[in-house]
Amino acid sequence: MFLRNYTSSKITEDTDYILKEYEQQYQEEIETAMGSGDISLPVGEETNYSSGTPASEMNYNTDIKVSIVATDSVAVIGTGNFGKAITTKLVQCGIQVVVGTRNPAGPFVSIEKALQEKIVILAVPTFSWPEMPLSKIQPGTALIDCSNRTSKCPPGQLSQAEQLQQLLPPGVHVVKGFNTISAYELENQTFSAGQQVPIAGNSPVTKNAVGVLLERLGYHFTDMGALDQARLIENIPLALFPNWKKPLLISVLIWIFLYFVTFGRYHFCDKNEYGWFPKDIKNGKMFTKYINKTCDTHALVLLGACYLPGIFAAYIQLVRGTKYSEFPGWLDNWLKMRKQLGIFMLLSASIHACFYVLLFFPHYSRVNIPTPSINSEDWDWANLMSVNGPAYALDLQGNIYLGAGVIAYFVAVILGVTSLPSVSASLSWKEFRMIQSWLGWFCLLLATTHVTANGWKKIITFHDCVFLGSEQWALILPALTILLKIPLLLPCVDSRLTQIRQGKVF
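Residues numbered from 1 in each chain as written. Predicted model: local features only at pLDDT ≥ 70, side-chain atom pairs only at ≥ 80, totals over all residues. Heavy atoms only, no water.

Caption draft 1: Here's a closer look at the pattern of salt bridges. The final tally for this structure, using the stated rule, is seven salt bridges. The shortest N-O distance in the salt bridge between E112 and K136 comes to 3.2 Å. Of this pair, E112 sits in helix α3 (residues 111–114) while K136 is found in the loop between β4 (119–122) and β5 (142–145), placing the two residues 24 residues apart along the sequence. Exposure remark for E112: the relative accessible area of 37% places this residue in the partly exposed category. When the shortest N-O distance is used, the salt bridge between E234 and K176 registers 3.2 Å. Here the residue E234 occupies a position in helix α7 (residues 230–235), and K176 occupies one in strand β6 (residues 173–176), the gap between them amounting to 58 residues. For the pair E234 and K176, one class covers both residues: buried. Three or more residues are tied together by salt bridges with common partners; here these are D145, R149, K176 and E234. (Salt bridge = Lys/Arg side-chain N within 4 Å of Asp/Glu carboxyl O. Helix = DSSP H or I, 4+ residues; strand = E, 2+ residues; numbered from the N terminus. Buried < 20%, exposed > 50% of the residue type's maximum accessible area, 1.4 Å probe, protein only.)

Caption draft 2: Quick look at the environment of I199. Tracing the sequence through the fold places I199 in strand β7 (residues 196–201). Given the relative accessible area of 0%, I199 is considered buried. For the pair I199 and T180, spaced 19 residues apart in sequence, the C-alpha separation works out to 9.7 Å. Not counting the four nearest positions on each side in its chain, I199 is found in contact with V175, K176, G177, K207, V210, L214, F221, T222, D223, M224, G225 and I233. (Contact = heavy atoms within 4.5 Å.)

Caption draft 3: Representation of the sheet that holds β4 in the model. Taken in spatial order, the eight strands make up an open sheet running β3-β2-β1-β4-β5-β6-β7-β8, and their pairing is mixed. Two strands bound the open sheet, and with one partner strand each, they are β3 (109–110) and β8 (220–223). Note that strand β2 (residues 96–101) and β3 share two bridges and pair parallel. Among the inter-strand pairings, G100 is bridged to a residue of β3, identified as V109. Helix-sheet contacts for helix α2 (residues 81–92) involve β1 (73–77), β2 and β4, and the interaxial angle to β1 is about 165°. The strands that helix α6 (residues 204–216) touches are β1, β4, β5, β6, β7 and β8; relative to β7, the one it contacts most, it runs at about 160°. (Pairing = 2+ DSSP bridges. Axes fitted to C-alpha atoms, helices over the stretch in contact; angles between N-to-C directions.)

Caption draft 4: Seen up close, the environment of L258. Examined against the element boundaries, L258 turns out to sit in helix α8 (residues 245–267). Take L258: its relative accessible area is 6%, and that puts it in the buried class. Taking the C-alpha atoms as reference points, L258 and C295, 37 residues apart in sequence, are found 8.6 Å from one another.

Caption draft 5: Structural detail: unusual backbone geometry. One non-glycine residue, F178, lies in the positive phi region at around 70°. By secondary structure assignment, the location of F178 is in the loop between β6 and α5 (183–187). Looking at F178, the relative accessible area reads 1%, which means it is buried. Positive phi outside glycine occurs at F241, with the angle close to 45°. With respect to the secondary-structure elements, F241 resides in the loop between α7 and α8. A relative accessible area of 56% places F241 in the exposed class.

What is shown is where atoms sit, not what they do.
Below is the structure:
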């Protein structure tokens, strides 16, 4: 359910979202500028292909190179939260740091002196740039702009990094980077391991020097291309859950639909007769019982939705005889949102478990006993009252129902925990796959058993007009997933699929 994306990417998830958001518009700009409808420019080349300021007008000179590649000494301009955090990180990694500030004292130097270093990290607000002695920076200097925007950069508008480049003398190269890293991340070592940091700049040599610096800090860098790509990089921190919006919308729509069906079963139909039956509205069951039943069904539907796209992908690979062809767009998107759907599944399952613990109570038998006689000490057997007797013991069906549900929930919790980046990073691919695949299918089977044991008599019974029962809705997707999985377990089919996924083409 929480499987990693089946394709790897050097670009972070937020970067991928921003690229998709502006890809079409930039492509149109490229086609207009180049006069061609089918072109492809390599992002690694020193080419400025946006509709903004032409590369020839930018203040850089490709003949002037950064004189050092080894990051033995770096200047940091600024002593704010980010400036302090990046300075501490550099020192911890064994890099000599020169810190420039407006009030030099002690270990700090003046801004003008710090700007004499060959690699400078500019960790100050953009409004302070005009007040700085930027004109005194020596040619060949790599100036890293780590500023962030307060609003998204519209297509066609210069980024902050491009505006900074226009303030600099010829031969000084701006590299956009570090703005996707927060001060908190720099102070916590667990965040840096393997994280991709996008950079952009007009000088390949300068970007290489910055890339070496990032590698020494424990990061990996992604070269986004020329400096105009800073527009995309500056928009990355402003993206709000870009990969969660679609899964959240799908999950919410499914939940609302299931809640409406539950509401309709109780209030729009009674014994296969339509009408309005407000019997449970006044006692507030629509806020407890209905939500509990909806979350139960919702969790199992999403659990099935986490594994069904993998089944479809397997059949497509079997039919095509290769893993080197692309999946259809709808399936590709579905595969990529499995982790998010799994998290929402765990949320609904947790709500259901909490409601069940709070609302569950044992069922007692009823016993009739005589009442005390008013006129004597005898019992009045003519007037009997009904009281609770011994509690009913759970039968085999009830024990299977509870046992399967409890174990399925805690297996889902394990799947959710191991999907966290900090946990999954400590697992090998084989360990991660075993947990997410084997335990995931075990969870699906247990959850399906839980629902089936609770209402197996209701599965083929229709007495709520057009409103299917919660057990019926919950089992549609899991049953389809399990049935389609069975043929894939046949030795001949499994062997062929394994060979295809190992790279063999049939």
